[in-house]
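Reading the structure
In case you want the letters, here they are:
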Amino acid sequence: MLERIIDLFEDFPIQSNIMDFKLSHDPEEITKKLEPIQEEWVSVTWNEAYDMGNQDASRKGEKFGVWTPWTEVLNRKELLSLKEEIFNCVKEFNDKFKICEEEFEITNSWYNNMGIGAEGKFHVHEGSLITGVYYPNLPEGAVPLSFMAPYDRFNERACRTLKIEEGHLYIF
């Protein structure tokens, strides 16, 4: 169910709408379905995270986070109903903002489980017309979702942070 439409960069000359959906799937149930898959995940320790640029050397040896090494997590049988609900939200986003006039599909999906204190680096999803992030579980101390205006990445004013909620999907 659509909760709100957000324009984080309304004071900038670009349209950057985000749609916030509260999904009907039980976040605990989704988290339980993902737990058995974790053995297939790539695990990263704080040692490796430090080597990749995270400067918190005091946590070396602790688990930093895990993510799926493949990009089709929503195609797994146990997650197909979640994929269908997410796809319906993507269609609603596309209907509202007219991003793609042709038929489209979800081509990439993965699961990222970040440890407390872990933070994602700014990145671009090359080749994606529409991107989304779903939070089935939001532990205390989780980092917020941050966006940077693509035309002015070095301007501090070009960074915006969105407060996120458990069980919500954010499409942008």
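Described in the following lines is the structure provided in the data block. (Residues numbered from 1 in each chain as written. Predicted model: local features only at pLDDT ≥ 70, side-chain atom pairs only at ≥ 80, totals over all residues. Heavy atoms only, no water.)

What follows deals with the overall build of the chain. Counting its regular elements, the chain contains three helices and nine strands. Seen in sequence order, the chain has helices and strands lined up from the N terminus as β-β-α-β-α-β-α-β-β-β-β-β. Relative to its full complement of 172 residues, the chain shows a buried share of 35%. (Helix = DSSP H or I, 4+ residues; strand = E, 2+ residues; numbered from the N terminus. Buried < 20%, exposed > 50% of the residue type's maximum accessible area, 1.4 Å probe, protein only.)

So, on to the pairing of strand E9 (residues 168-171). Neither face of E9 is open: one carries His168 and Tyr170, the other Leu169 and Ile171, and all of them are buried. Direction of pairing for strand E2 (residues 17-22) relative to E9: antiparallel, over a ladder of four bridges. Directly across from methionine 19, in E9, lies its bridge partner isoleucine 171. Sheet analysis places strand E6 (residues 132-135) next to E9, joined by four bridges and oriented antiparallel. Opposite glycine 132, over in E9, you have isoleucine 171 as the bridge partner. (Pairing = 2+ DSSP bridges.)

Purely geometric stuff here, so don't read any function into it on its own.
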